[in-house]
Number of protein chains: 2
Amino acid sequence: MPIETSLTALLGVKHPILSAPMDTIAGARLAAAVSAAGGFGILGGGYGDKAWLERETAKLAAASVPFGIGFITWSLAKKPELLDIALGAKPRAVMLSFGDPKPFAPHIKSAGARLICQVQTEDMARQALDAGADILIAQGTEAGGHGASRTTIDIVPAIVDLAAGRVPVVAAGGIADGRGLAAMLMLGASGVLLGTRFYASQECEGTEEAKKLICDASSGSTTRGVIFDLSRNIIWPGPFTGRSLVNDHARRWMGREIELLQNMPAVAVEYAAAREARNFDIAVVFAGEAVGLIHDIPPAAEIVERIASEAEGILLGRRNSSASLQA
Amino acid sequence: MPIETSLTALLGVKHPILSAPMDTIAGARLAAAVSAAGGFGILGGGYGDKAWLERETAKLAAASVPFGIGFITWSLAKKPELLDIALGAKPRAVMLSFGDPKPFAPHIKSAGARLICQVQTEDMARQALDAGADILIAQGTEAGGHGASRTTIDIVPAIVDLAAGRVPVVAAGGIADGRGLAAMLMLGASGVLLGTRFYASQECEGTEEAKKLICDASSGSTTRGVIFDLSRNIIWPGPFTGRSLVNDHARRWMGREIELLQNMPAVAVEYAAAREARNFDIAVVFAGEAVGLIHDIPPAAEIVERIASEAEGILLGRRNSSASLQA
């Protein structure tokens, strides 16, 4: 029996499981696979490449499944024309993260797409609701890639209380299995958004080397900071930082960020070369704290089904236990 | 219908809710009130005061309720005779946190008490299991007071998987209501340990000023670090740091810990005076990330009953929903 929530009703999907719009590694293949399995796949796009977006949205339109398209809000503000391309593909939802959604909200909503806003604080949630957000994603610091400092177990109930039932709240950060989905439902969330778990899927466009590093990583082997953004010469606005696997490059520069900035030209050259060579001792693998729960690289559909059925089993186990709420 | 778990069975209590051994503010009054309400109260003791421990254990023995006694392990190692006083009071369990439990485990277990070990990493959990721990507490960085860096949603499933059903795992850090208890059960925990929530209770020996500050604090207004330990001239071993409310003193020294160390004599005098004067602009109020969920100072029994009944309601709501697992 699927887990029905206000989120599954609003998006018209079977499972309350969303895949995160991870840079350009969350392409049409991944989004389509997640949606075909009953979840809700969200296309990435990173810092905005028009040709990439046109190509991937065309593939999604051809796949005949519901899908979302995600943007880094402060980056979209520099190339607002990308939103027209996105909306032209008739996404069921547009997800905005990391910035004020207000300038883009009317266009998204008048095109008939749902507005999903990812937030990391109560103030951001208020801003998103004011802009007309239909769904809030409460993202904890456990999340891979960019995010902020509040933990999932702290920010999820805070945003649930703030939303007060007006819109569904989706939990993100540190979730990779059915236990996590079931736990987030208990906190009042109506679904989950997963990045790292779908990174280690067959349809993700990440490199095999990176996927393997995620599978091999143990819990506790990620770090959040600005070292990789500085090394790539991408300066994010505060309070956002990136969570990644700890590698040699991270170990070398942790606590020495100012020095890194002062050595930027040389580091940037070294870093770009390492990235080109897929040398992940230096190049970043963005990943969340849930890495310890991830040990394989299955098809995305299997991930959706595994998480849904594990969560259903946990919830039904409690429902059907005759005498007590055994744990 | 109470939530029965392997933890409630092992401790012989009604609710899977433990109160944390918070310094000397978790005295006999608080522990007895929690246990009388069907939870499991754990006496504090801080850095070890023989007269205090004798007085408080005598009160607990007279209260005719089950109880535990908690120690800071590295501190107990300096005054091991305190363990004899503790065991003489016939606690149902002794809780050891922050250090190797091995030197104390045989004495505790041969006295017939359960050994509860609080851990923050997998290595610490292995060490505790090797020492014969009967119960593990997986503590996330959200917890108030001393702890480490891994988040609750990360460390709880990791320790549950490591324990593999051999011993009950209790979740700590960021939990203050029935939603948190229900969520932790989904992650595989068998109960929860709460500190900050019981700090803001009538029976806690903390000052009224501190309790009021906890009630007024919003989510996201705590910080973890060493500023207050340095200011009190108490040097903790790594990886442990303390989470507290952010106040003027924290804001003044955050990021300037070395400078604080260099100014120690003067700061220590100023700090001690502020503490004496209950000036919490300078003196510490240890508190966890769950402060945003705490808005009142009820009797401890009411806290236990409120959390238990909220969690039971959430779990039963799912059990009794006829058509779907609505969220």
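### With respect to the pattern of salt bridges
Move 1: Tallied over the entire structure, the rule returns 40 salt bridges over all chains.
Move 2: Across the salt bridge formed by arginine 197 of chain B and aspartate 296 of chain B, the nearest N and O atoms sit 3.1 Å from each other. Of the two residues, arginine 197 of chain B is situated in helix 10 (residues 196-199) and aspartate 296 of chain B in the loop between helix 15 (264-276) and helix 16 (300-320); the sequence distance between them amounts to 99 residues.
Move 3: Aspartate 216 of chain B is the partner of lysine 212 of chain B in a salt bridge, and the nearest nitrogen-oxygen pair spans 2.9 Å. Here lysine 212 of chain B and its partner aspartate 216 of chain B are both found in helix 11 (residues 208-216), four residues apart, which amounts to about one turn of the helix.
Move 4: One salt-bridge network, held together by shared partners, links Arg197, Asp296, Glu302 and Arg306 of chain A.

### Remarks on the domain arrangement of chain A
Residues and elements named next belong to chain A.
Move 1: Taken as a whole, chain A is organised into domain 1 (6-204 + 301-326) and domain 2 (208-276).
Move 2: Measuring from the centre of the C-alpha atoms in domain 1 to the corresponding centre in domain 2 gives 25 Å.
Move 3: Between domain 1 and domain 2, the contact holds 20 residues from the first and 16 residues from the second.
Move 4: Across the domain 1/domain 2 interface, buried area totals approximately 1,500 Å², and carbon plus sulfur atoms make up 64% of it.
Move 5: Considering only the side of domain 1, the residues that lose the most area to domain 2 are Trp74, His146 and Tyr199, jointly responsible for 34% of the buried surface there.
Move 6: Taken together, the links from domain 1 to domain 2 amount to zero salt bridges.
Move 7: Between the two partners, domain 1 and domain 2, sit 13 residue pairs in polar contact (both at pLDDT 80 or more).

### Brief notes about the interface of chain B and chain A
Move 1: In this complex, chain B contributes 47 residues to the contact, which on the side of chain A involves 47 residues.
Move 2: Summed over both sides, the interface of chain B with chain A buries roughly 3,600 Å², with 57% coming from carbon and sulfur.
Move 3: Counting across the chain B and chain A interface gives two salt bridges.
Move 4: For arginine 179 of chain B, the salt bridge is made with aspartate 161 of chain A, and the minimal N-O distance between the two is 2.9 Å.
Move 5: Counting residues per element, the ones that place at least two in the side of chain B that touches chain A are helix 8 (152-163), helix 9 (178-186) and helix 16 of chain B.
Move 6: Counted by class, the side of chain B that touches chain A contains 21 nonpolar, 15 polar and eleven charged residues.

### As for the packing of aromatic side chains
Move 1: Tallying each qualifying case throughout the model produces 14 aromatic pairs over all chains.
Move 2: Relative to tryptophan 74 of chain B, the ring of tyrosine 47 of chain B has its centre 6.0 Å away and its plane inclined at 50°; by these criteria the two rings are tilted. Note that tyrosine 47 of chain B is positioned in the loop between strand 2 (40-43) and helix 3 (50-63) and tryptophan 74 of chain B in helix 4 (residues 73-76), a separation of 27 residues in sequence.
Move 3: You can call tryptophan 74 of chain B buried: its relative accessible area is 16%.
Move 4: Joined through ring pairs, the aromatic side chains of Tyr47, Trp74, Phe98, Trp236 and Phe240 of chain A make up one cluster.

### Some details on the sheet that holds strand 1 (residues 17-19) of chain B
Residues and elements named next belong to chain B.
Move 1: Taking strand neighbours around the barrel as the criterion, the eight strands line up as 1-2-3-4-5-6-8-9 in a closed arrangement whose pairing is parallel. This sheet shows a mean twist of 25° between the axes of neighbouring strands, independent of strand direction.
Move 2: In this structure, strand 6 (residues 135-139) lies alongside strand 8 (residues 169-172), joined through four bridges in parallel fashion. The partner of leucine 136 across the bridge, within strand 8, is valine 169.
Move 3: The strands touched by helix 7 (residues 122-131) are strand 5 (114-119) and strand 6; relative to strand 5, the strand with the most contacts, the crossing angle is about 170°.

### Remarks on helix 7 of chain B
All names here are of chain B.
Move 1: Among the residues making up helix 7, those that are buried are Glu122, Met124, Ala125, Ala128, Leu129 and Ala131.
Move 2: Those residues of helix 7 that are buried are in contact with helix 6 (105-110), strand 5, strand 6 and helix 8.
Move 3: Positive backbone phi, at 100°, marks glycine 132, one or two positions downstream of helix 7.

### Side note on the nonpolar core
The nonpolar side chains of a soluble globular protein tend to be buried, and buried together.
Move 1: Counting residues in hydrophobic clusters, the biggest one holds 235 residues, and the most contacted among them are Leu136 of chain A together with Leu136 of chain B.
Move 2: For this core, the element with the highest residue contribution is helix 16 of chain B, accounting for eight residues.
Move 3: Once you skip the residues sitting within four places of it in the chain, leucine 136 of chain A turns out to touch Cys117, Val119, Ala125, Ala128, Leu129, Ile159, Ala163, Val167, Pro168, Val169 and Val170 of chain A.

### Concerning the side chain of asparagine 247 of chain A
Residue and element names in this part refer to chain A.
Move 1: For asparagine 247, the location among the structural elements is in the loop between strand 11 (241-245) and helix 13 (248-253).
Move 2: Exposure remark for asparagine 247: the relative accessible area of 7% places this residue in the buried category.
Move 3: Of note is the side chain of asparagine 247, whose polar atom sits 2.9 Å from the backbone oxygen of phenylalanine 280.
Move 4: Within the structure, the side chain of asparagine 247 is placed 3.4 Å from the backbone oxygen of isoleucine 282, a separation counted as a polar contact.
Move 5: With near-sequence residues (within four places) excluded, asparagine 247 lies in contact with Phe228, Phe280, Asp281, Ile282 and Ala283.

### As for the environment of tryptophan 74 of chain A
Move 1: Sequence-wise, tryptophan 74 of chain A and glycine 99 of chain A are 25 residues apart; in three dimensions their C-alpha atoms are separated by 5.3 Å.
Move 2: Residues contacting tryptophan 74 of chain A, with those up to four places away along its chain left out, are Tyr47, Phe98, Ile234, Ile235, Trp236 and Pro237 of chain A.

### Structural notes on helix 9 of chain B
Residues and elements named next belong to chain B.
Move 1: Here helix 9 lies mainly inside the structure; nine of its nine residues are buried.
Move 2: Within helix 9, burial applies to Gly178, Arg179, Gly180, Leu181, Ala182, Ala183, Met184, Leu185 and Met186.
Move 3: Glycine 188 lies just past helix 9 and shows a positive phi near 105°.

### Let's talk about unusual backbone geometry
Move 1: Between glycine 238 of chain A and the following residue, proline 239 of chain A, the backbone shows a cis peptide bond with an omega angle of 5°.
Move 2: Counting through the fold element by element, proline 239 of chain A comes out in the loop between helix 12 (227-232) and strand 11.
Move 3: Although it is not a glycine, lysine 90 of chain B sits at a positive phi angle of roughly 60°.
Move 4: Tracing the sequence through the fold places lysine 90 of chain B in the loop between helix 5 (81-88) and strand 4 (93-97).
Move 5: When its relative accessible area of 64% is taken as the criterion, lysine 90 of chain B is described as exposed.
Move 6: In this model, arginine 278 of chain B sits at a positive phi of 55°, which is unusual for a non-glycine residue.
Move 7: Relative to the elements of secondary structure, arginine 278 of chain B occurs in the loop between helix 15 and helix 16.

### Some details on the packing of helix 3 (residues 50-63) of chain A against helix 5 (residues 81-88) of chain A
Residues and elements named next belong to chain A.
Move 1: Following both chains from N to C, one finds helix 3 and helix 5 inclined at 10°, their axes separated by 9 Å at the closest point. By the criterion of interaxial angle, the relationship of helix 3 to helix 5 is roughly parallel. From helix 3, Lys50, Leu53, Glu54 and Thr57 reach across to helix 5, where they touch Leu82, Ile85 and Ala86.
Move 2: Grouping the amino acids of the contact of helix 3 with helix 5 by side-chain chemistry returns four nonpolar, one polar and two charged.

### So, the sheet that holds strand 11 (residues 241-245) of chain B
Residue and element names in this part refer to chain B.
Move 1: Taken in spatial order, the three strands make up an open sheet running 7-11-10, and their pairing is antiparallel. Here the strands that pair on one side only, and so sit at the sheet edges, are strand 7 (145-147) and strand 10 (222-225). Each adjacent strand pair in this sheet contributes to an overall mean axis angle of 30°, direction not counted.
Move 2: Taken together, the four bridges between strand 10 and strand 11 define a ladder with antiparallel strand orientation. Each residue of the ladder has a partner; that of threonine 222, found in strand 11, is leucine 245.

Cut-offs used in this document
Residues numbered from 1 in each chain as written. Chains lettered and ligands numbered in written order. Predicted model: local features only at pLDDT ≥ 70, side-chain atom pairs only at ≥ 80, totals over all residues. Heavy atoms only, no water. Salt bridge = Lys/Arg side-chain N within 4 Å of Asp/Glu carboxyl O. Helix = DSSP H or I, 4+ residues; strand = E, 2+ residues; numbered from the N terminus. Domains from an automatic or database assignment. Contact = heavy atoms within 4.5 Å. Buried area = accessible area lost by both parts, 1.4 Å probe. Polar contact = N/O pair within 3.5 Å; in protein donor to acceptor, adjacent residues only side chain to side chain. Nonpolar A, V, L, I, M, F, W, Y, C, P; charged D, E, K, R; others polar. Phe/Tyr/Trp six-rings, centres within 6.5 Å; stacked < 30°, edge-to-face > 60°. Buried < 20%, exposed > 50% of the residue type's maximum accessible area, 1.4 Å probe, protein only. Pairing = 2+ DSSP bridges. Axes fitted to C-alpha atoms, helices over the stretch in contact; angles between N-to-C directions. Core = buried A, V, L, I, M, F, W, Y, C linked by side-chain atoms within 4.5 Å. Parallel < 35°, antiparallel > 145°, perpendicular 65-115°, else oblique.

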